Amino acid sequence: MGLSAFSKCLPIQEGQPWEMKTPADIISTVEFNHTGELLATGDKGGRVVIFQREPESKNAPHSQGEYDVYSTFQSHEPEFDYLKSLEIEEKINKIKWLPQQNAAHSLLSTNDKTIKLWKITERDKRPEGYNLKDEEGKLKDLSTVTSLQVPVLKPMDLMVEVSPRRIFANGHTYHINSISVNSDCETYMSADDLRINLWHLAITDRSFNIVDIKPANMEDLTEVITASEFHPHHCNLFVYSSSKGSLRLCDMRAAALCDKHSKLFEEPEDPSNRSFFSEIISSVSDVKFSHSGRYMLTRDYLTVKVWDLNMEARPIETYQVHDYLRSKLCSLYENDCIFDKFECAWNGSDSVIMTGAYNNFFRMFDRNTKRDVTLEASRESSKPRAVLKPRRVCVGGKRRRDDISVDSLDFTKKILHTAWHPAENIIAIAATNNLYIFQDKVNSEMH
């Protein structure tokens, strides 16, 4: 099982793709749109880069189109909260595409405090032959206008225009960690550490608080919200995860304030595995509904879990991502890596799940065959038509030729952000300031 064949590395900045530029170039989020034709990335410098899939070549009709830069724009700028004397980073925390309603595309992007709605449009014609303006756009002397002509549209080079449509500010006291567009296509929610707000896409000056877990006394605070997402089909349902490893499914039909959850998904802790790090590594860093809406996928530090919405007591599947790190938790705590927030993703048919790891490794788990594979996003694998070779981490004892020792893993190279094409076996992997796009071989399937 594995992705192979076409692969591509796209540095966000021009120049040597393997050379780290500045911290501002580090990719902080990756998101396909609903058709998979567009792919957006956000970085720590507040920029959004959109890639578009090229149409299939006539010379090679069976080859898949590659992704090339479509548009780049500055979404957020650094700000300063004078009331609290705090700097607000420009880093893009999340990007979410809105379902396409017309020829234009729309997406939401957010930093720690402000969410923005952007409209992306194309222009390939320009009007010519004005009666009152010359070619440079200056007004003519009316005495020189002796006849009337009908302006005509002339072809021009394609121009992609990005414009801000709405700015949703002042809705959060704490840092926004997730946004999710509702299936009703009219509302979306944003979550920070202690609250979740519901917004209407057309109204910027107010939002409705639907979850508030802030205690009256902050000394009583025991957990925070880590991620949230709307159900893909039922506009009244949403889920949010916590730093204690639990999931709460809420129904907005039950009450305006969803502090009382409808279902609590929590795995009982095994006392024999209890350690100083238990609570840290059980914190859920990401939660995703399956496309079918039947399951939820969660990622904590060492595992990914699949939950059935009909069974709250325990996950139906648990996959070890890098269990070999269990003995390294003390050093990972000291260098703060234990607090890294890895994301997870479903494939289009919900049969395979993907998540990132260290050393630029990423993991895939086939739910049907129970096979798993470790792959690497690297310079070698980014050559066109290169085949990704499975990698293996060796804990001790005998090593095969291509094995890598757990002691030689590079913890500065981490794949936190991944995305899977909604219909095809195409994945996007963010590794520091490089975006890797891997595609399965033509006519081959995950097996």
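Keep in mind that what you see is a predicted model, and the values were worked out from it rather than measured.

A closer look at unusual backbone geometry
Turning to step 1, where the next piece is worked out: Located in the positive-phi region is Asn 359, a residue other than glycine, with phi close to 65 degrees.
Turning to step 2, where the next piece is worked out: Assignment of secondary structure puts Asn 359 in the loop between β25 (352-356) and β26 (361-366).
Turning to step 3, where the next piece is worked out: Looking at Asn 359, the relative accessible area reads 9%, which means it is buried.

Quick look at the packing of aromatic side chains
The relation between two aromatic rings is expressed through the spacing of the ring centres and the mutual angle of the planes.
Turning to step 1, where the next piece is worked out: Tallied over the full model, the rule gives 19 aromatic pairs.
Turning to step 2, where the next piece is worked out: Relative to Phe 339, the ring of Tyr 333 lies with its centre 6.0 Å away and its plane at 50 degrees, an arrangement referred to as tilted.
Turning to step 3, where the next piece is worked out: Under the relative-accessibility criterion, Phe 339 is labelled partly exposed at 41%.
Turning to step 4, where the next piece is worked out: Each member of the aromatic cluster is reached from another via a ring pair, and the members are Phe 276, Phe 277, Tyr 333 and Phe 339.
Turning to step 5, where the next piece is worked out: Taking the ring centre of Tyr 295 as reference, the NZ or CZ of Arg 367 above it sits at 4.8 Å.

A few points about the nonpolar core
Turning to step 1, where the next piece is worked out: The biggest cluster of nonpolar side chains holds 30 residues, and the ones touching the most others in it are Tyr 301, Val 304, Leu 325, Leu 332, Ile 353 and Leu 409.
Turning to step 2, where the next piece is worked out: Every element with two or more residues in this core is listed here: β21 (295-299), β22 (303-308), α2 (329-334), β24 (344-346) and β26.
Turning to step 3, where the next piece is worked out: Among all residues touching Leu 409, those that are not within four sequence positions of it are Tyr 324, Leu 325, Asn 359, Phe 361, Val 393 and Ile 404.
Turning to step 4, where the next piece is worked out: Ala 377, Ile 415, Ile 429 and Ala 431 belong to the second-largest nonpolar core, a separate cluster that totals 16 residues.

Some words on the layout of surface pockets
Turning to step 1, where the next piece is worked out: Its volume calculated, the second largest pocket comes out at about 700 Å³.
Turning to step 2, where the next piece is worked out: Surrounding the second largest pocket, 25 residues form its lining, Glu 267, Glu 269, Ser 278, Ser 282 and Lys 305 being those nearest its centre.
Turning to step 3, where the next piece is worked out: Tallying contributions element by element places helix α1 (residues 278-282) first for the lining of the second largest pocket, with four residues.
Turning to step 4, where the next piece is worked out: Considering only residue class, the lining of the second largest pocket consists of six nonpolar, eight polar and eleven charged.

Quick word on the pattern of salt bridges
Turning to step 1, where the next piece is worked out: According to the stated counting rule, one finds 23 salt bridges in the structure shown.
Turning to step 2, where the next piece is worked out: Between Asp 286 and Lys 288 there is a salt bridge, with the nearest N and O atoms lying 3.0 Å from each other.
Turning to step 3, where the next piece is worked out: Look at Asp 286 and you get buried, because its relative accessible area is 5%.
Turning to step 4, where the next piece is worked out: On the basis of relative accessibility, which here comes to 16%, the residue Lys 288 falls in the buried class.
Turning to step 5, where the next piece is worked out: Notably, a salt bridge pairs Lys 328 with Asp 407, separated by 2.4 Å at the nearest N-O pair. Taken together, the positions of Lys 328 in the loop between β23 (317-320) and α2 and Asp 407 in the loop between β29 (404-405) and β30 (417-420) put the pair 79 residues apart, joining distant regions of the chain.

Description of the environment of Lys 96
Turning to step 1, where the next piece is worked out: Note that Lys 96 resides in strand β8 (residues 94-97).
Turning to step 2, where the next piece is worked out: A residue is classified by how much of its surface remains accessible, and Lys 96, at 14% relative accessible area, is buried.
Turning to step 3, where the next piece is worked out: What Lys 96 contacts, discounting residues up to four positions off in sequence, is Glu 31, Leu 107, Leu 108, Ile 179 and Val 181.

A word on the state of the cysteines
Turning to step 1, where the next piece is worked out: Per the stated rule, a full pass over the model turns up zero disulfides.
Turning to step 2, where the next piece is worked out: Take Cys 250: it sits in no disulfide, and the sulfur closest to it among the cysteines is that of Cys 258, at 5.2 Å.
Turning to step 3, where the next piece is worked out: With no disulfide partner, Cys 330 has as its closest neighbouring cysteine sulfur the one in Cys 337, 13 Å distant.
Turning to step 4, where the next piece is worked out: Taking relative accessible area as the criterion, Cys 330 reaches 45% and is therefore assigned partly exposed.

A closer look at the sheet that holds β24
Turning to step 1, where the next piece is worked out: Taken together, four strands build an open sheet; the order of strands is β24-β25-β26-β27 and the sheet is antiparallel. Edge positions in the open sheet fall to β24 and β27 (372-376), since each of these has one partner strand only. Looking at each pair of strands side by side, their axes are set apart by 20 degrees on average, direction ignored.
Turning to step 2, where the next piece is worked out: Strand direction decides the pairing type here: β24 and β25, joined by three bridges, are antiparallel. Note that in β25 the partner of Cys 344 across the bridge is Thr 355.

A word on the sheet that holds strand β10 (residues 115-128)
Turning to step 1, where the next piece is worked out: In spatial order, the strands read β8-β9-β10-β11; together these four strands make up an open sheet with antiparallel pairing. Edge positions in the sheet fall to β8 and β11 (152-168), since each has one partner strand and no second. For this sheet, the mean angle separating the axes of adjacent strands, direction not counted, is 25 degrees.
Turning to step 2, where the next piece is worked out: Sheet topology note: the strand β9 (residues 105-110)/β10 ladder contains six bridges and is antiparallel. Residue pairing for β10: Ser 109 is matched across the bridge by Lys 116.

The rules we used
- Here the residue numbering is sequential within each chain, running from 1 through the sequence in written order.
- This being a predicted model, a pLDDT of at least 70 is required before a residue's local features are given, and a value of 80 or more before pairs of side-chain atoms are given or counted; all residues contribute to the totals for chains, interfaces and linings.
- Here the side-chain values reflect all heavy atoms present in the structure, with hydrogen atoms and water set aside.
- Runs of E in the DSSP output that reach at least two residues are strands. Runs of H or I that reach at least four are helices, and both are numbered from the N terminus.
- Residue burial is assigned from relative accessible area. The probe radius is 1.4 Å, only protein chains are included, and a residue is buried under 20% of its type maximum, exposed over 50%, and partly exposed in between.
- Any two rings among Phe, Tyr and Trp, with Trp reduced to its six-membered ring, count as a pair given centres within 6.5 Å; such a pair is stacked if its planes are under 30 degrees apart, edge-to-face if over 60, and tilted if neither.
- In this scheme, Lys NZ or Arg CZ marks a charge over a ring once it lies within 6 Å of the ring centre and within 35 degrees of the ring normal.
- What we call a nonpolar core is a set of buried Ala, Val, Leu, Ile, Met, Phe, Trp, Tyr and Cys residues that are connected through their side-chain atoms within 4.5 Å.
- Residues count as neighbours in contact if any of their non-hydrogen atoms are within 4.5 Å of one another.
- We place a 1 Å grid over just the protein atoms. Points where a 1.4 Å probe fits but has no way out form a cavity, open points with protein on both sides within 12 Å along at least 5 of 7 lines form a pocket, and any residue with an atom within 4 Å of a point lines it.
- Grid points are joined across faces, edges and corners, and a volume is the space filled by probe spheres set on the points.
- Three classes are used: nonpolar for Ala, Val, Leu, Ile, Met, Phe, Trp, Tyr, Cys and Pro, charged for Asp, Glu, Lys and Arg, and polar for all others, with Gly counted as polar.
- Salt bridge, as applied in this entry: a Lys or Arg side-chain nitrogen positioned within 4 Å of an Asp or Glu carboxyl oxygen.
- A pair of sulfur atoms, both from cysteines and within 2.5 Å, is called a disulfide here.
- DSSP-based pairing: two strands are paired if at least 2 bridges between them are found.
- Where helices are involved, their axes are fitted lines through C-alpha atoms of the stretch in contact, as for all axes, and angles between N-to-C directions lie from 0 to 180°.

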